[in-house]
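Report on the structure
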Amino acid sequence: MKLDAQQRRAVLGHPAGWIASGFGSGLSPFAPGTAGSAAALLPWLLMRELPMAWVVGIIVAAFLVGVWASNIVIGRLRISDPGVIVWDEFVGQWISLLPLFIWPAHWPWIFAGFFLFRLFDVWKPWPCSWADRRIKGGLGVMLDDALAGFYAAVVLGLLLQ
């Protein structure tokens, strides 16, 4: 769904909109979810220098901020899960890359984590599909992608062993 000028102003007119839109990456006219996942790699490249416990704390905080920011954008647009919200992709992508804190984070594995997350985010195996259908609001927006990120992390971890 493409946003008109008034809707774009409604999203970007509040700090929560900047966060929920992945600092504007969700405004991509083509595949905003993929654009958000790709944009999530930039902060991850910085975060991977931190201890894993800190990164887990950042992910938990980002999830909670994402629930808040998503609720604000949903309320401003009056759309239950607008495509402009890609902060869930950020969090899901970061979760999917957690195994790279244990095993070497070479570029082929980073790309594998990216594609695995996109696969599970689009496919939505259970319980991702259940969360996507049943849980509404910011929590629902964030939860299905966090679960997809978990699936991707498990598969990536198995591939790395």
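Residues numbered from 1 in each chain as written. Predicted model: local features only at pLDDT ≥ 70, side-chain atom pairs only at ≥ 80, totals over all residues. Heavy atoms only, no water.

Here the protein averages 95 in pLDDT, and 99% of its residues register 70 or above. Looking across the protein, the model is least confident in helix 1 (residues 5-12), with a mean pLDDT of 91, and most confident in helix 5 (residues 87-96), with 98. (pLDDT = per-residue confidence, 0-100. Helix = DSSP H or I, 4+ residues; strand = E, 2+ residues; numbered from the N terminus.)

This part covers the pattern of salt bridges. Tallied over the entire structure, the rule returns five salt bridges. Linking Lys 124 and Asp 144 is a salt bridge whose minimum nitrogen-to-oxygen distance equals 2.7 Å. Of this pair, Lys 124 sits in the loop between helix 6 (107-123) and helix 7 (128-134) while Asp 144 sits in helix 8 (residues 137-160), and the two are 20 residues apart along the sequence. (Salt bridge = Lys/Arg side-chain N within 4 Å of Asp/Glu carboxyl O.)

This part covers helix 5. Among the 10 residues in helix 5, 10 count as buried, and that is most of the element. If you check which residues of helix 5 are buried, you get Trp 87, Asp 88, Glu 89, Phe 90, Val 91, Gly 92, Gln 93, Trp 94, Ile 95 and Ser 96. Where helix 5 is buried, its residues contact helix 2 (15-20), helix 3 (32-47), helix 4 (52-77), helix 6 and helix 8. (Buried < 20%, exposed > 50% of the residue type's maximum accessible area, 1.4 Å probe, protein only. Contact = heavy atoms within 4.5 Å.)

Between Trp 126 and Pro 127 the backbone carries a cis peptide bond, its omega angle lying at 5 degrees. As for its position among the elements, Pro 127 is in the loop between helix 6 and helix 7. The backbone of Arg 78 shows a phi angle near 60 degrees, a positive value even though the residue is not glycine. Among the structural elements, Arg 78 can be located in the loop between helix 4 and helix 5. A relative accessible area of 74% places Arg 78 in the exposed class. A positive phi angle, close to 55 degrees, is found at Lys 124, a residue other than glycine.

Once that is clear, we can look at the nonpolar core. Proteins that are soluble and globular tend to have nonpolar side chains buried together. If you look at the biggest cluster of nonpolar residues, it comprises 47 residues, and the most contacted ones within it are Trp 44, Val 84, Trp 87, Val 91 and Trp 94. Among the elements of the structure, helix 1, helix 2, helix 3, helix 4, helix 5, helix 6 and helix 8 are those that each provide at least two residues to this core. With nine residues, helix 4 is the largest single contributor of residues to this core. Not counting the four nearest positions on each side in its chain, Trp 87 is found in contact with Ile 19, Ala 20, Gly 22, Phe 23, Ala 62, Gly 66, Trp 94 and Met 142. (Core = buried A, V, L, I, M, F, W, Y, C linked by side-chain atoms within 4.5 Å.)

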